[in-house]
Amino acid sequence: MNVIILLAITGIFSMFSGIFKQKMLALPVILLAFISALVLLSLGYLGDFTALTNNMVLFDAHAIKFSMVIVFLSIFVFIMGQYYYSEDIEHLTDIFALFVFSIVGGILLVSFQNLTMLFLGTEILSIPLYILAASNRRSLASNEAGLKYYLMGSFATCFLLLGITLIYGAHGSFDLDIITASITAKGLSSLFITGVILILCAFIFKLSAVPFHFWAPDVYHGAPTVLTAFVSTVVKVAVFGALLKFMLFIGDHQGEKWTILFMLVIIATMIFGNIVSVRQTNFKRLLAYSGIANVGFVLIALLAINDLTSSYILYNLLAYGIASILAFSIYATIKTNTGIDTIEGLAGLMANNKLLSISLIFAMFSFAGIPPLAGFFGKYFIIVNAVNSGYIWLSIIAVVSSVIAAYNYLRVSAILVSHNSEIAVIPMSTLYRIFLVACIICIVVIGILPDHVLGILG
Amino acid sequence: MNNMAGLQDQLRLVPLEHYVFLCIVLFCIGMTGVLLRRNLINVFLSIELMLNSVNLLAVAFSVYHNDPNGQAFVFFVMVVAAAEVAVGLAMLVMIYRNVRTVDINALNQLKW
Amino acid sequence: MSSDILHNLPVVALLLPLIGFLGYLWYGRWLSEKQAGTLASSWVVVSFILSVVLFFEVSTTGTAVQIHLFDWINTGKFHVPFALQVDQLSVIMMLLITGVGSLIHIYSIGYMHGDAGFNRFFSYLNLFIFFMLVLVMANNYVLMFAGWEGVGLCSYLLIGFWYKNHDYNTAANKAFIMNRIGDLCLLFGLFMIFSQFGSFEYADINLQASNNVAINTTVITGITLLLFAGATGKSAQLPLYTWLPDAMAGPTPVSALIHAATMVTAGIYLIIRSNVLFIMAPFTNDIIMIVGLTTAIFAGLIAFKQNDIKKVLAYSTVSQLGLMFFALGLGAYGAAFFHLLTHAFFKALLFLGAGSVIHGLNGEQDIRNMGGLKKYMKSTHIVFLIGVLAIIALPPFAGFFSKDNILTAAFIKSPLLWVMALISGLLTVFYMLRLYFLVFQGKERMETKVASQIHESPMVMLLPLFVLAILSVFGGLMNIPELFHGTKWLEHFISPIVSMSDVHLEHSTEWMLLGISLVSILAVGYIAYHKYVRLFMIPELDVQTAQMPLARLLKEKFYVDELYNAIIVKPLFSISKMVMSFFEEKVIHQITNGSGQLTLFLSGAIRKTQNGFISYYLFAMALGVLGILTIFIILS
Amino acid sequence: MTEVLFYSLAAISIISSILMIFHKNAMYSVLYLLICFFSVAGLFVMLNAQFLAVVHVIVYAGAIMVLFLYVIMFLNMSTPITIRKSKLVMGIAVFTGLLLCFVLTTALWSTDFGSNPAIVDQNIGLASTLGKVLFKEFLIPFEVSSVLFLSAMVGIVIFNKKDVKDEIDIKNNHG
Amino acid sequence: MNILFILLIPFLSALIILLASFKLSQKLAILSSAASVVVIGFMLALFGQNTAAISSIDLPWIASMGVHFHIGADGMSLLMILICNVVALISMYVSLGDQIHNPKQYFALILFMQTFMNGVFVAQDLFLYYIFWELALIPAYFLLLIWGKGEKLRPATIKFFLFTLLGSLLMLIAIVWLGNAGTTSDYSLSAISGLTIDTETQLMIFGAFMVAYGIKTPIFPLHSWQADTYTFAPAPVTILLSGVMSKMALYTIIRFVIPVVPEAVAEYGIYFMYAATFGVLYASIIALTQKDFKRMLAYISMAHVGLIFAGILTYSQAGLSGSMVQMVAHAINSAGLFFIANLLFKIKNTHDIQAFGGLRQYMPIFAGLYMVTMFGSIGVPITNGFIGEFMILTSLYQYDVIVALLAGSGVILGAVYMLRSYKTIMLGPDHSTIQTDIIGTDKYLLYSIAFVILFTGIFPAWIGQLCETSIQNILQPYLQK
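Residues numbered from 1 in each chain as written. Chains lettered and ligands numbered in written order. Predicted model: local features only at pLDDT ≥ 70, side-chain atom pairs only at ≥ 80, totals over all residues. Heavy atoms only, no water.

### Here's the deal with the overall build of chain D
Here is step 1: A count of helices and strands for chain D gives seven helices and zero strands.
Here is step 2: Secondary structure elements of chain D, listed N to C terminal, follow the sequence α-α-α-α-α-α-α.
Here is step 3: Across chain D, the fraction of contacts at a sequence separation of at least 24, relative to all contacts at a separation of at least 6, is 59%.
Here is step 4: In the structure as shown, chain D presents an accessible area of about 8,700 Å², 74% of it carried by carbon and sulfur atoms. (Helix = DSSP H or I, 4+ residues; strand = E, 2+ residues; numbered from the N terminus. Contact = heavy atoms within 4.5 Å. Areas by Shrake-Rupley, 256 points an atom, 1.4 Å probe, with all protein chains shown as cover.)

### With respect to the overall build of chain B
Here is step 1: Scanning chain B from N- to C-terminus turns up four helices and zero strands.
Here is step 2: For chain B, the N- to C-terminal ordering of α and β elements is α-α-α-α.
Here is step 3: In chain B, which comprises 112 residues, the proportion classed as buried is 75%.
Here is step 4: Of the contacts made within chain B by residues no fewer than 6 positions apart, 56% connect residues no fewer than 24 positions apart.
Here is step 5: Accessible area for chain B stands at about 2,700 Å²; split by element, carbon and sulfur atoms hold 56% of it. (Buried < 20%, exposed > 50% of the residue type's maximum accessible area, 1.4 Å probe, protein only.)

### A short note on the interface of chain E and chain A
Here is step 1: Taken residue by residue, the interface counts 32 residues in chain E and 37 residues in chain A.
Here is step 2: Summing both partners gives a buried area of about 3,000 Å² for chain E against chain A, and 80% of it is carried by carbon and sulfur.
Here is step 3: Contact with chain A buries area across many residues of chain E, yet Met 65, Arg 154 and Ile 173 of chain E alone supply 19% of it, more than any other trio.
Here is step 4: Joining chain E to chain A, the criterion identifies six residue pairs in polar contact (both at pLDDT 80 or more).
Here is step 5: Here the side of chain E that touches chain A takes 13 residues from helix 7 (residues 153–181) of chain E, the largest share from any one element. (Buried area = accessible area lost by both parts, 1.4 Å probe. Polar contact = N/O pair within 3.5 Å; in protein donor to acceptor, adjacent residues only side chain to side chain.)

### Here we look at a nonpolar patch on the surface
Here is step 1: A surface patch of nonpolar side chains, amounting to about 610 Å² of accessible area, comprises Leu 8, Phe 11, Leu 12, Leu 15, Ile 16, Leu 18 and Leu 19 of chain E.
Here is step 2: Considering the arrangement of structural elements, one finds Ile 16 of chain E in helix 1 (residues 5–19). (Patch = residues over 30% accessible without salt bridge, like charges linked within 9 Å, V, L, I, M, F, W, Y side chains within 5 Å. Salt bridge = Lys/Arg side-chain N within 4 Å of Asp/Glu carboxyl O.)

### Examining the interface of chain D and chain B
Here is step 1: In this complex, chain D contributes 83 residues to the contact, which on the side of chain B involves 75 residues.
Here is step 2: Both faces considered, chain D and chain B share a buried interface measuring about 7,400 Å² in area, 78% of it formed by carbon and sulfur atoms.
Here is step 3: The largest per-residue losses of area from chain D upon contact with chain B belong to Leu 47, Phe 113 and Phe 159 of chain D, which jointly make up 9% of the total buried on that side.
Here is step 4: The interface formed by chain D and chain B holds six residue pairs in polar contact (both at pLDDT 80 or more) in total.
Here is step 5: Those elements that provide at least two residues to the side of chain D that touches chain B are helix 1 (2–22), helix 2 (26–46), helix 3 (50–74), helix 4 (87–109), helix 5 (127–135) and helix 6 (139–160) of chain D.
Here is step 6: Ranked by residues supplied to the side of chain D that touches chain B, first place goes to helix 3 of chain D with 13 residues.
Here is step 7: Class assignment for the residues of the side of chain D that touches chain B results in 61 nonpolar, 16 polar and six charged. (Nonpolar A, V, L, I, M, F, W, Y, C, P; charged D, E, K, R; others polar.)

### Quick look at helix 19 (residues 430–448) of chain A
Residue and element names in this part refer to chain A.
Here is step 1: The terminal C-alpha atoms of helix 19, which comprises 19 residues, lie 27 Å apart, in line with the 27 Å expected from a rise of 1.5 Å per residue.
Here is step 2: For helix 19, the full list of buried residues reads Tyr 432, Phe 435, Leu 436, Cys 439, Ile 440, Cys 442, Ile 443, Ile 446 and Gly 447. The buried residues of helix 19 occupy one face: seen down the axis, they fall within an arc of 155°. Residues of helix 19 that are exposed and angled more than 90 degrees away from the buried face: Thr 430 and Ile 434.
Here is step 3: Tucked inside the fold, the buried residues of helix 19 contact helix 4 (61–84), helix 14 (309–338), helix 16 (354–368), helix 17 (374–388) and helix 20 (450–457). (Expected span 1.5 Å × (residues − 1). Arc of directions from axis to C-beta.)

### Considerations on the pairing of strand 1 (residues 65–75) of chain C
Here is step 1: Here strand 1 of chain C pairs with strand 2 (residues 78–86) of chain C via nine bridges, running antiparallel. The partner of Phe 70 of chain C across the bridge, within strand 2 of chain C, is Phe 82 of chain C. (Pairing = 2+ DSSP bridges.)

### Quick notes on the confidence of the model for chain D
Here is step 1: Mean pLDDT for chain D: 82, with 83% of residues reaching 70 or above.
Here is step 2: The ipTM, which scores confidence in the relative placement of chains, is 0.89 for this predicted complex, and the corresponding pTM is 0.91. (pLDDT = per-residue confidence, 0-100.)

### Brief notes about the packing of helix 3 (residues 75–97) of chain E against helix 11 (residues 235–260) of chain E
Angle between the axes and distance between the axes: these two values describe a pair of packed helices.
Residues and elements named next belong to chain E.
Here is step 1: Remark: helix 3 packs on helix 11, axes separated minimally by 8 Å, with the N-to-C direction vectors making an angle of 170°. If you check the angle between helix 3 and helix 11, you find them roughly antiparallel. Contacts from Met 76, Ser 77, Met 80, Ile 83, Cys 84, Val 87, Ala 88, Ile 90, Ser 91, Val 94 and Ser 95 in helix 3 reach Ala 235, Pro 236, Ile 239, Leu 240, Gly 243, Val 244, Lys 247, Tyr 251, Ile 254 and Arg 255 in helix 11.
Here is step 2: Tallied by class, the residues present in the contact of helix 3 with helix 11 amount to 15 nonpolar, four polar and two charged. (Axes fitted to C-alpha atoms, helices over the stretch in contact; angles between N-to-C directions. Parallel < 35°, antiparallel > 145°, perpendicular 65-115°, else oblique.)

### Overview of the arrangement of the chains
Here is step 1: Across the eight pairs of chains that are in contact, the largest number of contacts falls between chains B and D.
Here is step 2: You won't find any contact between chain B and chain E; their C-alpha atoms come no closer than 24 Å.
Here is step 3: What separates chain D from chain E at the closest point of their C-alpha atoms is a distance of 39 Å, and the two make no contact.

### A few points about helix 7 (residues 202–211) of chain C
Residue pairs three or four apart in sequence face the same way in an α-helix, which turns once every 3.6 residues.
Residues and elements named next belong to chain C.
Here is step 1: Of all the positions in helix 7, only Tyr 202, Ile 205 and Ala 209 are classed as buried. The buried residues of helix 7 occupy one face: seen down the axis, they fall within an arc of 70°. Exposed residues lying more than 90 degrees from the buried face of helix 7 are Leu 207 and Asn 211.

### Notes on the packing of helix 3 of chain E against helix 18 (residues 440–458) of chain E
Residue and element names in this part refer to chain E.
Here is step 1: Their axes nearest at 10 Å, the elements helix 3 and helix 18 cross at an angle of 155°. As judged from the angle between their axes, helix 3 and helix 18 are roughly antiparallel. Judged by the sense of rotation from one axis to the other, the crossing of helix 3 with helix 18 is left-handed. Residue-level contacts link Ile 90, Tyr 93 and Val 94 of helix 3 to Thr 441, Leu 445 and Ile 449 of helix 18.
Here is step 2: Here the residues of the contact of helix 3 with helix 18 sort into five nonpolar, one polar and no charged. (Left-handed = near helix turned anticlockwise from the far one by under 90°.)

### A look at the nonpolar core
Here is step 1: Residues Leu 299 and Tyr 380 of chain A together with Tyr 213 of chain E are the most contacted members of the largest nonpolar core, which totals 785 residues.
Here is step 2: With 21 residues, helix 4 (residues 69–99) of chain B is the single largest residue contributor to this core.
Here is step 3: Excluding anything up to four places from it in sequence, Leu 299 of chain A contacts Leu 207, Ala 209, Phe 240, Leu 243, Phe 262, Val 265 and Ile 266 of chain A. (Core = buried A, V, L, I, M, F, W, Y, C linked by side-chain atoms within 4.5 Å.)

### A look at the packing of aromatic side chains
Here is step 1: If you walk through the whole model with that rule in mind, you get 122 aromatic pairs over all chains.
Here is step 2: Between Phe 159 of chain A and Phe 27 of chain B, the ring centres sit 5.6 Å apart and the planes meet at 70°, which makes this aromatic pair edge-to-face. A residue pair is termed interchain when its members come from two chains, as with Phe 159 of chain A in helix 7 (residues 140–171) and Phe 27 of chain B in helix 2 (residues 16–36). Just as Phe 159 of chain A is buried, Phe 27 of chain B falls in that class too.
Here is step 3: Centre to centre, the rings of Tyr 156 of chain C and Phe 375 of chain E are 6.0 Å apart; their planes meet at 90°, and the pair counts as edge-to-face. Here Tyr 156 of chain C is found in helix 5 (residues 141–159), whereas its partner Phe 375 of chain E is found in helix 15 (residues 364–377) on a different chain. For the pair formed by Tyr 156 of chain C and Phe 375 of chain E, the shared burial category is buried. (Phe/Tyr/Trp six-rings, centres within 6.5 Å; stacked < 30°, edge-to-face > 60°.)

### Looking at the side chain of Lys 310 of chain C
Residues and elements named next belong to chain C.
Here is step 1: Tracing the backbone through its elements, the reader meets Lys 310 in helix 14 (residues 309–330).
Here is step 2: Among buried charged residues, Lys 310 stands out as having no salt bridge; its nearest opposite-charge side chain is Asp 308, 7.1 Å away.
Here is step 3: A distance of 2.9 Å separates the side chain of Lys 310 from the backbone oxygen of Gly 250, its partner in a polar contact.
Here is step 4: Apart from the residues within four sequence positions on either side, Lys 310 is in contact with Met 248, Gly 250, Pro 251, Thr 252, Ser 255, Phe 351, Ile 358 and Gln 365. (Lys, Arg positive; Asp, Glu negative; His and termini not counted.)

### Examining the confidence of the model for chain B
Here is step 1: Averaged over all residues, the pLDDT of chain B is 85; the fraction at 70 or higher stands at 88%.
Here is step 2: By mean pLDDT, helix 1 (residues 2–11) of chain B is the weakest element of chain B at 51, and helix 3 (residues 40–64) of chain B is the strongest at 91.

### Observations concerning the pattern of salt bridges
Here is step 1: Inspection of the entire model under this criterion finds 13 salt bridges over all chains.
Here is step 2: Taking the shortest distance from any N to any O, the salt bridge between Arg 273 of chain C and Asp 87 of chain C comes out at 2.7 Å. Pair noted here: Arg 273 of chain C is in helix 11 (residues 266–273) and Asp 87 of chain C is in the loop between strand 2 and helix 3 (88–111), with a separation of 186 residues, a long-range link. Each of the two residues, Arg 273 of chain C as well as Asp 87 of chain C, counts as buried.
Here is step 3: The partner of Asp 228 of chain E in a salt bridge is Arg 295 of chain E, with the nearest N and O atoms 3.0 Å apart. With a gap of 67 residues between them, Asp 228 of chain E in helix 10 (residues 226–232) and Arg 295 of chain E in helix 13 (residues 293–313) connect regions that are remote in the sequence. Exposure class is identical for Asp 228 of chain E and Arg 295 of chain E. Each is buried.

Pasting the structure below:
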């Protein structure tokens, strides 16, 4: 709880630092706040707010783990953002503030214990994102991204609300515990089921899984790259946290049909994401689609929920997150310096920009799931879970689709080293070099020591 | 005041289903509006209508459950609605500045 | 003689030629012709002497010498020793190989004089001797097969010795590949043997075969057929004989050594070696007999119309080998072996004589451009004549006895076969005399300028000729039948390996048969004499005969090569092209690349759904919700 | 009498909303929506949620609708703009709406909503009760929603605050 | 002597090379791979005296998954490692000859590849094995991409990678299943071979493995990546690919598949034997009319490994040890042949067979050594090609005659295409441009290859001895069942 307060205050501070022309302060303070939040979370100093919360939010282990990953990834995003936004941009601090608010929303989301908080958390998470997506005012792409995100987001919100209300109608409360109790008392009603379905639809939308994926590629493509990185990593963690919690909540009452729904969604998502990206020429869009595909992969973990599921999901999201933040930041660097945004344009990057290319190759191979990089284990644990739960065919489909995915990443890595053309040296600040190296180290270390990471996460 | 009470006593008779299905109808009308208008303003309006129907549903449920939480929830729905609308309209104005139209399909350069 | 020396002797005898070869690899480039020739020959001569010693050893003790060098393969039941075995059969083969071999080495010193690859030639010859010895000295089939393929390899090297000539290289390839076909059959024969007897060693197999009565005859038949098929490859029988005439591309000594005396007889050796199995397979014997006889007559007919002196000899070799197989088929192993030896003598003699002629005429090989050579090269003429008389089986030359043996065996089987065999013999008579007359008798047909340079070959070449001539004259003494109060020494000698046939004819019948055959031989001889000496008929002149279809057919060797080309070689390559262009490209690659293209296509199709219109997206979303709800209503 | 009241209000709301979504002039749509809201407020009253009804009228009719009107004026779209979809698309849209309506109805048809409660607590709709609830149970959401507003505000600022570049643009535009 | 050396030497030297100077890289590379050859030779010596001499390592890695970093070696592994390092050394020497850009990265990648392939041969834990298996692919991928030649290089490389990846991932599923089939998840070979699996599951697992290895080897229908890859790759890499990488698959069939799913192998192996041996015939027929020498060699290699593949599946003493012998032979022969292809390429700057002719005139040594290698590859007795082929064919014949016939067809056709190409390239009237024989490194390398070919042809028994116990252990469970 005090993490939320801390972060909220940090956001406000960042706004005021903008107002009082102290932009320099914003980022260090925010990073400091994040680190201290991490410390608080990891040490469990969360304060005792039970008197106030009356079971609105609950900071159990689940919430803490997800919050930790959220904050951890946010640190990377902010460092990347520092490099992405030039100092003199208007509203820099406001943008940072919005990011922070959105993170607050995320943490609320993963710690929700009451459908009201689910709703509010979703909104607090999303509304800043709508704004940030459109925050690049003069670029039509950004406007379009913002509009699409906003419209479809609020459209989805309507369904979410309807769902929540129906559940409320069924059991006369928003509190998960009470609802569970009354379910055991009264049993399931079609009101409840319909409500759950609508809420799941909203979740699927937020996760940009088929059939509610349409916004994702366009928004990812149009929005400022930092936001894209943020949406495809941090937000996903938050939403998965909430979804997992929700599934646990309805878990006892889920039968065949949930599984069938999820399987359909999973297969459709993986195949869509991977196949469509085969023809993709724009690098950023490619990453967007790969994000969609990865969501499909992670959803597999929800088919067989056990006490390890959350750590597997987190591991995958962490691995995927770092790799994709790395990839997005590299994309942004190349785009801002040379204006290249196509895959073919990357030809011959290796010639003069060794570090960039090597880190990109690491990211790509992590995506492609090449052992022993993080991405491999991210996929591996989920496959193990699925196979142990008897979803052999699903895992075979997953494997085949990930071969298709591998094609895309190999395409990129193959183009990097081609001799035909060259890209001039791209200037990079020391901070950024450190950032790249740090990302590579994370990818490798998380991969080589999966046990320790799981230990932290589970 | 007592006639008010009497009014209430009679009003109680309307069964809940009516409210539920009315809300569903309103919700669907709103959705239809979202689907069939290209004018951004109308789309916003339709979304407002959907939210409203949900509000009505929540209130109805809260009354029939004798539970104030539902009505409290409606407050938050309003809050969110207000915030969303504010953001949305601001975005609309900005976009209108750039493209001089409120057609939602005016912006479709991001595709495939 | 103490046994340890005895143990080393065969090894030394085996290794000497190999040392010669390796030595060449080492110092060959710095040796003069004389040194190289003498060295190479001396290796073989020495090992010949050792073989003689061994021969006496074996003949005195009468037991085979077994030497186990090391384990070649040894895993589980699969055990193949690298072991030598010198018994009566192999020791005589050794004598033949090293003896004739050394003669031909010496001869080659003169013949190859001045050739660019002189040293290389001798190294190959040495290597050949080595492998031939491995072939005959092996105590198990696998090692024998090693020698078997080794000699094939050497023949490949020697046929293609003048590697700048494309046709020669083609001939070499042809020889190797056709041998390989036979070898594959032989291999499968070995597999059958192994799965039947669980061993590759002659001793075990013979033991089991002779003891174990309950051996499935079909298996034995299969084994023997496969072995025989292998033999047809190596010994140039139908249908795999066509490489041998082409193999004449090699230098003449090679033809003499490999393609007349030794290598081509490996097939006969193989069958004699595994006679225990063959005796149990009557069906196979009939097959062998038929194939042998057919080959004998077939090749004889072809030889009728050949005008290349070496080709004629080559076909006569094929025909003689056919005769030997015929004998094998009859079960007259002794006779076959006997003919093998005598044939080695006189055929080597004939080839070397031909070589001397070619040498004298500076490489001329077409008999139509020869004639009347008897007054130019007297000694060559004499020895060649001896060879001819030997091969046409005129008493008392070597060929007479060996052929007589075979004919007798044939008559015992059935008179018809005797007649056929006799016919093939008469064919031999005709074409050999034709050859002889056209080359040595009559008047010269070569250009005067060539004629002016005709010279008798040097002594180093003539000496081996004389030796071989003597052998061809007296070689028959090895195995004189009772008819002439002889004791079939040879057959007795090898009787530990090959059981003697105890069937006999009355002497009167034998005399009668002899008479008939002699008379017919003389008659045919006279026809040839009349045709080529009295009338001076020269192949190029008798145009009208060349126009006769039969004659043409013979001249073109029954079009067998063309046939093989048409039904095997060409189809194979067109199939290969077809497989590559159709199956590999269109099917395999299409399936794999096709999956990729399919993905691309799908990608192109599906990404069209992402068409950028918000209203469309909203639609899609609403429909999604609708769909999911419907699914649930249907499910519940 | 109750039914009459209910059905009339329901009818008004439905009709007005239908008109709202079909009317080509945004201004009129706003006004129709306003009517719809009022009728919904009436329904609130019938449900004895007077306070909520009042808030509803104030917030929606008072604030949001005015905001809409303001924007419409600001972009002077009072004149009818004819950006409409093809008949086909409209047909599909309406069909989809009906379909969803049908599906939801069928989904909820089977449920029994139970008989109406014996006695309706008169007070739950009252400001006092709601106030208590809001500031006790719903304290955290209440506080947190401030963050929501904050970010919305920031967003509006980011979108529409004139900055240096705008000035330059304006200069360029005016010559 | 610890088996870990065999991984550490190349790996560390690769790192050193990356840091070292441009000049040193070549020397260092040669030095290190020579060192590893020496080390493995030493290990073999020790092993010969005392089979327990090679100590293994077993560290827990992913405890929650029961994955161990468990490496060890028996005779078979040592033999494979020997092949791997010798071939690596050869490919290093070959690379010395031609001018290579970015030698540092190049040699480092080759050393990494060597490391990981060694890892495959020593891994005793299925998961660890999988990691090495995948890792070995990465350096190959970049070596191909960066140093390969050919207009369709990039698609071919990606195809190669994806193809292999598909197989590996299917294999991964099987491995995961196996790893968790027991009560506790444990990937160690001993635990997995202890499992009792019902036949249907065995079939599925077997299928997954076979697809993976069929692609990697490759056998008949799964070979479409091979020809292009071998053709476009630089010669040293082709040597590694055909010499070692295909052996990785073959080795693991013996090491992992047969002990784990014996019934499936015994019951369904025949189908894959048909595929493999048909591949022998198929590849030989295609090789007959190949214009491009390197491509022809690729198909020849396919024919040979197909034979080995079938030999392994016979599941018999003779078949397995014959396959081991043949693996050694094929590694050396194909290395030699591709090296020869490289030398030829340096002469005329093309792989087109028709472009050559009459080289023998001025290059007798080259011609002679080429001939030895050629006869080795077509399996003439007393060359190394014969023994393995003979043993495999024998066991194939005892297993199934048709398979044996299909495989035997290679014996004839092999002679045909090899002799034809030799004739075209080496013999005939001389119209070669260069007048000097091969010299220096090339000559001695080719000499030593020829020597090895003849030596292992005459004294092959030690290979069988080396693997005997390992093979016994592998066959034991089946013989019991």
